[in-house]
Amino acid sequence: MRTRVSVYGIAVEDGRLLLARLTEASPIFAPGLWHLPGGGIDPGEQPLEALARELREETGLGLAAARLLDARTYAVERRGVSWSLTALFYAVELEAGAPAVAEVDGSTDAARWIPVAELRDSMLSPAAADALRMPGVR
């Protein structure tokens, strides 16, 4: 069993949620799913530092403000590894700009604003599906 603590940004704008599409390099959730921008906290890194870094890598956008909304745990099996993931969810405000993946060969290959009304659990990672049910997202 491997453990990981990750941070995720929930950005909602004009009825759209900012999501990133996972690649085969995703350590925990399956490739092809849309996921919240974010990821693991590096050793010695503070959660908000990790959130700002991950948002920049996965969306190209800077973090302007963040507020902790919730924390959830997930038990996931991927590539023969059992994961215990603790996810910290933040409501975020982002600097202006168009989303674009900045990280090369990372765990995401696209970043998009997707209308919340079009989102279905089957297209989302478990964490992103949970985010849809958090206050202020729908």
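Coordinates for the structure precede this section.
Rules of the game
Residues numbered from 1 in each chain as written. Predicted model: local features only at pLDDT ≥ 70, side-chain atom pairs only at ≥ 80, totals over all residues. Heavy atoms only, no water. Buried < 20%, exposed > 50% of the residue type's maximum accessible area, 1.4 Å probe, protein only. Helix = DSSP H or I, 4+ residues; strand = E, 2+ residues; numbered from the N terminus. Pairing = 2+ DSSP bridges. Axes fitted to C-alpha atoms, helices over the stretch in contact; angles between N-to-C directions. Contact = heavy atoms within 4.5 Å.

(A) Focus on the pairing of strand E3 (residues 16-22). With five of its seven residues buried, E3 lies for the most part within the structure. In terms of strand pairing, strand E2 (residues 12-13) meets E3 through two bridges, oriented antiparallel. Counterpart to Val 12 in the pairing with E3 is Leu 17. As consecutive antiparallel partners, E2 and E3 are separated by two residues, and within that stretch Asp 14 has a phi angle of approximately 50°, a positive value. Alignment of E3 against strand E8 (residues 108-115), held across seven bridges, turns out to be antiparallel. Its bridge partner lying in E8, Leu 19 is registered against Arg 112.

(B) Broad picture of the sheet that holds strand E5 (residues 38-40). Spatial strand order, E5-E1-E7-E6: four strands in an open sheet with mixed pairing. The open sheet terminates on both sides in strands that have one partner only, identified here as E5 and strand E6 (63-78). When strand polarity is set aside, the average angle formed by the axes of neighbouring strands in this sheet is 20°. In the packing of helix H1 (residues 47-59) onto the sheet, contacts are made with strand E1 (2-10), E5, E6 and strand E7 (81-94), and the angle to E7 comes to roughly 85°.

(C) Unusual backbone geometry, seen in detail. One non-glycine residue, Asp 14, lies in the positive phi region at around 50°. One can find Asp 14 in the loop between E2 and E3. One non-glycine residue, Asp 105, lies in the positive phi region at around 60°. Assignment of secondary structure puts Asp 105 in the loop between E7 and E8.

By themselves, these observations are geometric and do not establish any function.
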